[in-house]
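# Analysis of the macromolecular model
These are the residues of each chain, in order.
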Amino acid sequence: MFFTISLYTALTIFAIGLLYKGSTWFRYGFDPALKEFSPTRRVYAAIRGIFLTLFSPKILTLFKVFVLEVVLQKRILKESRLRWWMHQLIYGGFILLLLMHALDKVVTASFFKEYYPTLNPFLFLRNLFGGMILFGVGLAVYRRFLIKSPRLQNSPMDVYAIFILVFIIISGFLLEGIKITSYTRYQEMVKEYAGIDDEKALKSLEMVWVKEYGMVSHKLKEPFEEEALIKGRVINESCLSCHSRPQWAFLGFGASRVMTPIAPGLDRAGLPNLLWHLHFLACFVGLAYLPFSKMIHILTGPLSLLANAVMDQRTSDPANWVTKQMIELDACTHCGACTQRCAVGIVYEAMPNRNILPSEKMASLKSLTAGENITPQDTRRIQEGLCLCTNCLRCTGVCPVGINLHELWVSAREALLQKGYPEPLILSPLSLYRGLMRPGLESGQYQKPIAWSQEALSIEFNKGSQGEMILKPHRDYTLKTRLHQAVQSQTFSFCYNCKTCTNACPVMDVYDKPQEALGLLPHQIMQGLSWGLTDLVMRSRMLWVCLGCYRCQEQCPQGVQITDVFYQLKNLAIKQVKSRLNAG
């Protein structure tokens, strides 16, 4: 009764968890797509998309991806042989153990009519598959905790998943070992199946089980007479149809040998029964927890690989693209491959914001799309991590489950920009990709973040001045000190205002009256720095429309690193604005 109730409870939680998880794929999304496509519309689009794909030549692509990338995990092999072995051992062992052992009455018994879990080859295979999982978990622990790959982060989810898996497998081997030694279990089998009343025959049979099956009897000890053993083996022949020698269960039998000295005490304490309950409860807990853990990638990982193999953002239904991105968030295995390849990952060592690292950003995006209550400070940290992305696509190229990470960053970044969070990085060359994608944005959306950022800078650097006239000298000589922290930006003091930089600047050609449009011109910015006019320099439009072409720097007769000075000024301005925003 306890077993049945526990099993159905676990199955119910598992089913509810799957339904809930599946519903989030159609309910959540990044703005503004979330407002545009209702859940009903997305479910309909998904069914239609699946139907059209299955009845098209793309079915061949799906088959190829399923074999090479889902079953053989070609992507992981290309990335790392250690990770491939680790994944194959855990994944292969888990699936085979699930089908042959956990679902034996449904699967194994259907193919093998004479099936008994205590017979070979099932006895051997069960240990082999369990051993594969343990070895794979050992490789995972070695990779995560001993090798300590650069910037690889561990989350509680990683530890929970490993702990549950290890507990299930080890408790299974311990249960098998203690059942081999258990005198109580032996007596139960004899009573139920042997049908022998002769005391001498029972004693001979018991000798055989002590000597050859590893059972520990509190009545009989070796050595035994060979004549009695021969008689016992004859009686035992009827047991061979359902019991192979336990030595084939090489791990369970090994555990039984370790427990032999204390086996009688463990048997009397009822440990076989306790371990049986613990083992199955651990299995049920793992089953119920699966939809809510990172192990859900067993289902979502293949979905991500298959969907990305046949979907194209330019031709696919936009509603399906949103749904695919939500599945991708659940497909992440938190393996850290993206983080190790990230071009800006090293920035994390100077800016301890976990959202800079792609693998850590995924958890933040899940919270963001789920509408969780995220503070403005945390939202800005997510945005900072997103905007530091250089669009190098390395993360997408190495993801073992084929997640299009770059498009996730783009969608999330655009969603946050449209919520009105000022992001000064949008004024830097990092906004190049957004400029390229401008035709795909709604009218007016491209300019809004720029206006919000300019407003934030204007508020920050408009102190002590009114219009273009400085009412009170607002000199900030600490700016020189801060600029001297970078070797290149120290060179501004070499400037003698020859105007070569301004004359070489291509931005001047865009405006009829550059002075009025830009506030300060390049040579004037250099002069402003010498005078310590921080506010005037920082709010100069010239600073923020600089193309970064380095033409001014190449032409300067004094070797002033003008473009690098501009970058340093922008970094200082952004840092100051962010400090004010984060302070609330």
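Description of the structure in this document. It should be emphasised that the depicted structure is a prediction, and the values quoted were computed from it without experimental measurement. (Residues numbered from 1 in each chain as written. Predicted model: local features only at pLDDT ≥ 70, side-chain atom pairs only at ≥ 80, totals over all residues. Heavy atoms only, no water.)

### Considerations on the overall build of the protein
Helix and strand counts for the protein come out as 32 helices and zero strands. Relative to its length of 584 residues, the protein is extended, with a C-alpha radius of gyration of 34 Å against a globular reference of 25 Å. Projected onto its principal axes, the C-alpha positions of the protein cover 115 × 55 × 40 Å. Burial analysis of the protein (584 residues in total) assigns 49% to the buried set. By sequence separation, contacts in the protein at least 24 residues apart represent 72% of the contacts at least 6 residues apart. Once the 62 positive and 44 negative side-chain charges of the protein are each reduced to a mean point, those two points are 6 Å apart. (Helix = DSSP H or I, 4+ residues; strand = E, 2+ residues; numbered from the N terminus. Rg over C-alpha atoms; globule rule 2.2 N^0.38 Å. Buried < 20%, exposed > 50% of the residue type's maximum accessible area, 1.4 Å probe, protein only. Contact = heavy atoms within 4.5 Å. Lys, Arg positive; Asp, Glu negative; His and termini not counted. Charge placed at Lys NZ, Arg CZ, Asp CG, Glu CD.)

### What to know about the environment of threonine 315
Summarising the element assignment, threonine 315 is placed in the loop between α16 (297-310) and α17 (318-331). The exposure class of threonine 315 is exposed, given its relative accessible area of 67%. Measuring from C-alpha to C-alpha, the distance between threonine 315 and glutamate 79 comes to 30 Å, with 236 residues separating the pair along the chain.

### Describing the state of the cysteines
Taken as a whole and assessed by the stated rule, the structure comprises zero disulfides. With no disulfide of its own, cysteine 399 lies 6.5 Å from the sulfur of cysteine 335, the closest cysteine sulfur. For cysteine 399, a relative accessible area of 7% gives the class buried. With no disulfide of its own, cysteine 546 lies 6.1 Å from the sulfur of cysteine 552, the closest cysteine sulfur. (Disulfide = S-S within 2.5 Å.)

### Some details on the environment of leucine 520
In this structure, leucine 520 sits in the loop between α27 (514-518) and α28 (522-531). In contact with leucine 520, other than residues within four places in its own chain, are Gln515, Ile525, Leu536, Val537, Ser540 and Met542.

### Looking at the side chain of histidine 523
Within the secondary structure, histidine 523 sits in helix α28. On the accessibility criterion, histidine 523 (7% relative accessible area) is buried. For histidine 523, the contacting residues outside a window of four places in its chain are Asn497, Lys499, Cys501 and Thr502.

### Focus: the pattern of salt bridges
Using the criterion set out here, one finds 14 salt bridges in the structure. The salt bridge partner of arginine 354 is glutamate 360, with a shortest N-O separation of 2.8 Å. A single salt-bridge network, built from bridges that share partners, covers Glu212, Glu226, Arg233 and Arg245. (Salt bridge = Lys/Arg side-chain N within 4 Å of Asp/Glu carboxyl O.)

### Re the packing of aromatic side chains
Here the structure, examined in full by the defined rule, presents 12 aromatic pairs. Judged by centre distance (5.3 Å) and plane angle (70°), the rings of phenylalanine 112 and phenylalanine 122 are edge-to-face. Highlighted residues: phenylalanine 112 in the loop between α7 (108-111) and α8 (122-147) and phenylalanine 122 in helix α8, separated in sequence by 10 residues. Using a relative accessible area of 45% as the deciding quantity, one classes phenylalanine 112 as partly exposed. For phenylalanine 122, a relative accessible area of 8% puts it in the buried group. Centroid distance tyrosine 115 to phenylalanine 122: 4.8 Å. Interplanar angle 80°. Geometry classified as edge-to-face. Taken as a pair, tyrosine 115 and phenylalanine 122 share a single burial class, namely buried. Taken together, the ring pairs in this structure connect Tyr183, Tyr186, Trp209 and Tyr213 into an aromatic cluster. Stacked on the ring of tryptophan 321, the Lys or Arg lysine 324 has its end atom at 4.2 Å from the ring centre. (Phe/Tyr/Trp six-rings, centres within 6.5 Å; stacked < 30°, edge-to-face > 60°. Lys NZ or Arg CZ within 6 Å of the ring centre and 35° of its normal.)

### Brief notes about unusual backbone geometry
With omega at 5°, the peptide bond leading from asparagine 120 into proline 121 counts as cis. Inspection of the secondary structure puts proline 121 in the loop between α7 and α8. Omega for the bond connecting glutamate 222 with proline 223 falls within 30 degrees of zero, at 0°, which places this linkage in the cis form. You can see proline 223 is positioned in the loop between α11 (199-212) and α12 (226-236). Backbone geometry at lysine 499 places phi at a positive 75°, although glycine is not the residue there. As for its position among the elements, lysine 499 is in the loop between α25 (478-483) and α26 (500-504).

### A look at the nonpolar core
Generally speaking, a soluble globular protein has its nonpolar side chains buried in company with each other. Formed by 36 residues in total, the largest nonpolar core has its most connected members in Met526, Leu529, Met542 and Leu569. When residues of this core are assigned to their parent elements, the largest contribution, nine residues, is made by helix α32 (residues 562-582). In this structure leucine 569 touches Leu479, Leu483, Ile525, Leu529, Val537, Met538 and Leu543, once residues within four positions along its chain are discounted. By size, the runner-up hydrophobic cluster in this structure holds 28 residues, among which are Cys389, Cys399, Leu405 and Ala412. (Core = buried A, V, L, I, M, F, W, Y, C linked by side-chain atoms within 4.5 Å.)

### As for a nonpolar patch on the surface
Taken together, the side chains of Val141, Tyr142, Phe145, Leu146, Ile147, Met157, Val159 and Tyr160 define a hydrophobic patch exposed on the protein surface, amounting to about 710 Å² of accessible area. Going through the elements one at a time, α8 and α9 (156-181) are the ones with two or more residues in the nonpolar patch. Top element by residues in the nonpolar patch is α8. It accounts for five residues. Within the element layout of this structure, tyrosine 160 appears in helix α9. (Patch = residues over 30% accessible without salt bridge, like charges linked within 9 Å, V, L, I, M, F, W, Y side chains within 5 Å. Areas by Shrake-Rupley, 256 points an atom, 1.4 Å probe, with all protein chains shown as cover.)

Honestly, that's just the spatial picture; any functional story needs more than this.
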